[in-house]
Amino acid sequence: MGLLFVWGVPVRVGLDTARSFIGILFTVVVSYIVWALISVAIERKISGHRADGGGSGGEGGSAGGDRFATLLQLFRKFLFGFLLIVVSLIILSSLGIDITPLLAGASVFGLAIGFGAQTLVKDIISGIFFLMDDAFRVNDYIQVGNSMGTVEEISIRALKLRHPRGSLFIVPFGTIGFVTNMSRGFAIMKLPYLVPFDTDVNKIKKIMKRINKEVREDPALDALLLDDIKSQGVKSIEQYGLRMRVKFMTVPGGQWSIRKIVYDKMRKIFKEEGIEFARPTVGVHVPEGADMTPEEIKDLSAAAQNMADENAAAAKAKGTK
């Protein structure tokens with residue numbers, strides 16, 4: 001009070017100013033402590049649910065995320081916005097500003113948003129219904145239109161998808177027509193392969209039973225499998241051989257690990273059993289009386305085979321684009 005008198009500031013005004021400053025400081029400190037405690041508690045809950053969930057499938061697809069953790073993240077964002085607005089109003093009130101017109105203006109502003117920002121409102125309402133339907137969660141691997149990836153974050157109006165190759169897609173909820181969720185229930189993988197026409201199909205069935213037994217003996221791989229690895233026999237007869245297929249069912253995301261193991265075991269066991277994978281072949285016809293040595297005929301056949309392999313690889317690459 002003495003300093004206020006010396007500085008020429010009226011005591012009453014100085015006390016009101018100091019009281020307002022202390023009130024503002026108290027409000028900010030308490031709000032920060034409340035937000036920090038709530039944020040830490042929510043983060044611990046989210047971390048615990050992430051630890052219980054499945055990991056990424058690497059090439060696309062995973063065991064998915066937890067619905068509770070997804071809703072907690074969205075709740076934290078709503079809570080931060082609510083605290084920010086309340087604290088701002090309290091500070092303005094402490095400074096002597098009448099906030100009643102602001103509250104009335106907020107209702108008018110909200111009405112203007114309802115008429116002028118229809119896309120924003122559509123995004124928010126669509127997001128609410130998608131979350132109510134439990135269409136996706138954080139860490140789920142989904143496809144939305146032409147975009148697919150792991151749900152990395154869900155905001156009030158959009159979701160972020162991380163593609164296995166690193167691309168990040170930001171998709172507003174209002175633009176989502178349908179969602180394909182690949183992290184729910186189970187995943188079925190079918191692996192096609194080509195063998196020569198004279199291959200013993202029954203022998204391949206026995207090999208697949210052997211592969212299934214070996215995979216089942218590994219506890220980590222057995223936990224991924226929901227059904228046995230089975231040969232589906234001949235799917236079609238093609239130009240260069242028999243198109244066969246092997247099928248298995250796993251937990252979401254586990255199909256990629258099992259696929260690698262199955263392909264590796266097929267390659268090794270087929271080689272042991274004398275079974276080759278079919279590939280394009282060519283026949284070279286040498287007219288009678290042609291002046292060519294056996295070595296030249298052999299080189300010509302090898303060149304023709306290489307050309308056939310290159311054409312087949314180019315056709316395959318074109319078909320996968």
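Quick notes on the rules
Residues numbered from 1 in each chain as written. Predicted model: local features only at pLDDT ≥ 70, side-chain atom pairs only at ≥ 80, totals over all residues. Heavy atoms only, no water. Pairing = 2+ DSSP bridges. Helix = DSSP H or I, 4+ residues; strand = E, 2+ residues; numbered from the N terminus. Axes fitted to C-alpha atoms, helices over the stretch in contact; angles between N-to-C directions. Contact = heavy atoms within 4.5 Å. Phe/Tyr/Trp six-rings, centres within 6.5 Å; stacked < 30°, edge-to-face > 60°. Buried < 20%, exposed > 50% of the residue type's maximum accessible area, 1.4 Å probe, protein only. Expected span 1.5 Å × (residues − 1). Arc of directions from axis to C-beta.

Visitor: Explain the sheet that holds strand β7 (residues 230-237) here, please?
Guide: In sheet architecture, strand pairing relies on hydrogen bonds along the backbone and comes in two forms, parallel and antiparallel. One open sheet holds the 3 strands; their spatial order is β6-β8-β7, and the pairing between them is antiparallel. A single partner strand is all that each edge strand has here, and the edge strands are β6 (187-195) and β7. Going from strand to strand, the sheet's axes swing by 25° on average, the running direction of each strand aside. Strands in contact with helix α6 (residues 201-216) are β6, β7 and β8 (242-250); relative to β7, the strand with the most contacts, it is inclined by about 145°. Across the face of the sheet, helix α8 (residues 255-272) comes into contact with β6 and β8 while running at roughly 25° to β6.

Visitor: Hey, could you run me through the packing of aromatic side chains in this one?
Guide: We describe a pair of aromatic rings using the distance from one ring centre to the other and the angle between the two ring planes. Applying the stated criterion to the full structure yields 5 aromatic pairs. With a centroid separation of 6.1 Å and 70° between ring planes, the pair formed by Tyr193 and Phe270 is classed as edge-to-face. With Tyr193 in strand β6 and Phe270 in helix α8, this pair connects stretches of sequence that are 77 residues apart. As far as the burial class goes, Tyr193 and Phe270 line up, both buried.

Visitor: Just to check I follow, could you spell out α8 for this structure?
Guide: The first and last C-alpha atoms of α8 sit 25 Å apart over 18 residues, in line with the 26 Å expected at 1.5 Å per residue. Every buried residue of α8 is accounted for by Gln255, Trp256, Ile258, Val262, Met266, Ile269 and Phe270. Taken end-on, α8 shows its buried residues confined to a sector of 165°, consistent with a single buried face. Along α8, the residues that are exposed and aim more than 90 degrees away from the buried face are Lys260, Lys271 and Glu272. Those residues of α8 that are buried are in contact with β6, α6, α7 (219-224) and β8.

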